[in-house]
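Structure at a glance
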Amino acid sequence: MSKKRKVAKKKKKPQSGLHSKAKVTYICLQCHTTEEIPLNVVRNFDAMDDGDPTVPPQFRCEECGGGMYPEYYEGIHGYEYRISDVRK
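Residues numbered from 1 in each chain as written. Predicted model: local features only at pLDDT ≥ 70, side-chain atom pairs only at ≥ 80, totals over all residues. Heavy atoms only, no water.

Looking at the overall build of the protein
Helix and strand counts for the protein come out as two helices and six strands. The order of helices and strands in the protein, counted from the N terminus, is α-β-β-α-β-β-β-β. Residues counted as buried form 25% of the 88 residues belonging to the protein. Contacts in the protein between residues at least 24 apart in sequence constitute 48% of all its contacts with a sequence separation of at least 6. Surface summary for the protein: the accessible area is close to 6800 Å², and the carbon and sulfur share equals 50%. (Helix = DSSP H or I, 4+ residues; strand = E, 2+ residues; numbered from the N terminus. Buried < 20%, exposed > 50% of the residue type's maximum accessible area, 1.4 Å probe, protein only. Contact = heavy atoms within 4.5 Å. Areas by Shrake-Rupley, 256 points an atom, 1.4 Å probe, with all protein chains shown as cover.)

Following this line, the structure appears as structure tokens:
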């Protein structure tokens with residue numbers, strides 16, 4: 001094997017798809033607690049949801065049980081969700 005091929009083989013290949021370390025910050029609408037949920041988990045919930053695509057994937061607050069909303073998340077259907085949309 002040539003030296004170039006050995007060097008090329010040692011280089012890490014870029015990850016395909018989503019970054020495993022990417023997170024979406026969710027904020028509780030009642031107690032304002034924040035929680036970071038892995039992007040791949042949010043995307044999986046988004047893909048499985050057959051409901052209204054204008055509503056982001058929903059989670060419950062571990063502190064108070066209230067509904068949580070993403071600080072910012074661009075859904076798989078192209079919708080953008082911002083906490084400023086529900087907080088006025």
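Here the narrative resumes, following the displayed structure.
Overview of the packing of aromatic side chains
All chains considered together, the criterion is met by three aromatic pairs. Measuring from ring centre to ring centre gives 5.0 Å for Tyr26 and Phe59, while their planes differ by 85 degrees; the resulting arrangement is edge-to-face. On the criterion of sequence distance, the pair formed by Tyr26 in strand S1 (residues 23–28) and Phe59 in strand S3 (residues 59–60) is long-range, its members being 33 residues apart. The residues Tyr26 and Phe59 share a single accessibility class, namely buried. Pairwise contacts between aromatic rings join Tyr26, Phe45 and Phe59 into one cluster. (Phe/Tyr/Trp six-rings, centres within 6.5 Å; stacked < 30°, edge-to-face > 60°.)

A few points about the environment of Gly75
When you line up the elements, Gly75 lands in the loop between strand S5 (72–74) and strand S6 (80–82). Residue Gly75 is classed as buried on the basis of its relative accessible area of 7%. The sequence separation of Gly75 and Val42 amounts to 33 residues, and the corresponding C-alpha distance is 8.9 Å. Those residues within four positions of Gly75 in sequence are excluded, and the remaining contacts are Asp46 and Tyr81.

Let's talk about helix H2 (residues 39–48)
Buried within H2 we find Leu39, Val42 and Asp46. Taken around the axis of H2, the buried residues stretch over an arc of 65 degrees, which confines them to a single face. Facing away from the buried side of H2 by more than 90 degrees, the exposed set consists of Ala47 and Met48. For H2, the elements touching its buried residues are S1, strand S2 (34–38), S3 and S5. (Arc of directions from axis to C-beta.)

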